[in-house]
Amino acid sequence: MHRLLLLLLLLPLAAHASETNPSRGDPAAIDLGRQVFQANCARCHGAGATQPSAEAPDLRRLNAFCQQLKDSALQARCLQDVDSYFMMAVNTGKIRAGIVYMPPWRDVLTAQEIWAVRSFVESRPPAAPRLKTSVDIDHAAQ
């Protein structure tokens, strides 16, 4: 029973496991992504993808680990993994403990629009490195 449940949970991820953003770096896709992002994503992830809320992560950080990799083949594989995760997360939404943090966009946005959003986010200036954790900030406030 547990194996069946695990398989059912992993099916959406498996469907996207080999996807790579076909519009990475394309100026037209970046412009489309900017428009789609501002219309659909900015209210939670911040205008221009620069001011995320507590519930919505800073999407500019998605590639941070991949960018640190020196081996180009590993970096490409890492980006493919992040692309797959991004597509799956946008299509299926984000739900934790029964609370919808992000709705599924599969019936709202096309695959082309989702990839364009990913291209737009990747074109944004990188987020500043985090020097303090939320725990550090909480302790400083006390």
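Here the structure is a predicted model, which means the values were calculated and not measured. (Residues numbered from 1 in each chain as written. Predicted model: local features only at pLDDT ≥ 70, side-chain atom pairs only at ≥ 80, totals over all residues. Heavy atoms only, no water.)

## Regarding the side chain of Arg118
Applicable threshold: Only DSSP runs of H or I with at least four residues qualify as helices, and only runs of E with at least two residues qualify as strands; both kinds are numbered from the N terminus onward. A 1.4 Å probe rolled over the protein chains alone gives each residue an accessible area, and that area as a share of the maximum for its type sets the label: buried under 20%, exposed over 50%, partly exposed in between. Any pair of nitrogen or oxygen atoms within 3.5 Å is treated as a polar contact; in protein, a donor-acceptor pairing is required on top of that, and neighbouring residues in sequence qualify only through side-chain atoms on both sides. Whether two residues are in contact is decided by their heavy atoms, any of which lying within 4.5 Å being enough.
Relative to the helices and strands, Arg118 resides in helix H6 (residues 111-123). Under the relative-accessibility criterion, Arg118 is labelled buried at 1%. There is a polar contact of 2.8 Å between the side chain of Arg118 and the side chain of Asn63. Sequence-distant contacts of Arg118, defined by excluding residues within four places in its chain, comprise Asn21, Arg24, Leu62, Asn63, Leu79, Val82, Asp83 and Phe86.

## Topic: the packing of helix H5 (residues 72-92) against H6
Stated formally: Here an axis means a line fitted to C-alpha atoms, over the contact stretch when the element is a helix, while the angle between two N-to-C directions is reported on a 0 to 180 degree scale. When describing relative orientation, an angle under 35 degrees is termed roughly parallel and one over 145 degrees roughly antiparallel, while 65 to 115 degrees is termed roughly perpendicular and anything else oblique. Take the far helix as your reference; a near helix turned counterclockwise from it by less than a right angle gives a left-handed crossing, and one turned clockwise gives a right-handed crossing.
It is the contact of H5 with H6, at a shortest axis distance of 11 Å, that shows an interaxial angle of 125 degrees. On the basis of their axis angle, the class for H5 and H6 is oblique. Classified by chirality, the crossing of H6 by H5 is right-handed. Along its contact with H5, which presents Leu79, Val82, Asp83, Phe86, Met87, Val90 and Asn91, the element H6 presents Ala111, Ile114, Trp115, Val117, Arg118 and Glu122.

## Some points on the state of the cysteines
Keep this limit in mind: When two cysteine sulfur atoms are found within 2.5 Å, that pair is recorded as a disulfide.
For the coordinates displayed, the defined rule picks out 1 disulfide. In this model Cys66 forms its disulfide with Cys78; the gap between the sulfur atoms is 2.0 Å. As the torsion about the S-S bond is roughly -75 degrees, the Cys66-Cys78 disulfide counts as left-handed. With Cys66 in helix H4 (residues 64-68) and Cys78 in helix H5, this residue pair connects regions lying 12 residues apart in the sequence. Assessed through its relative accessible area of 12%, Cys78 is described here as buried. The cysteine Cys41 is free of any disulfide, with Cys44 supplying the nearest cysteine sulfur at 8.7 Å. Since its relative accessible area comes to 14%, Cys41 is described here as buried.

## Here we look at H6
Residues that lie three or four places apart on an α-helix share one face, since the helix turns once every 3.6 residues. For clarity, the cut-off: By this rule, a helix spans an expected 1.5 Å times one less than how many residues it contains.
Taking 1.5 Å of rise per residue, 13 residues should cover 18 Å, and H6 covers 18 Å from first to last C-alpha, within 8% of that figure. All of the buried residues in H6 are Ile114, Trp115, Ala116, Val117, Arg118, Ser119, Phe120 and Val121. At its buried positions, H6 is contacted by helix H2 (27-40) and H5.

## Some words on the environment of Gly25
Here Gly25 lies in the loop between helix H1 (2-15) and H2. Along the chain, Gly25 and Ala116 lie 91 residues apart, while their C-alpha atoms are 9.5 Å from each other. If we ignore the near neighbours within four places in the chain, the residues touching Gly25 are Ile30 and Ser119.

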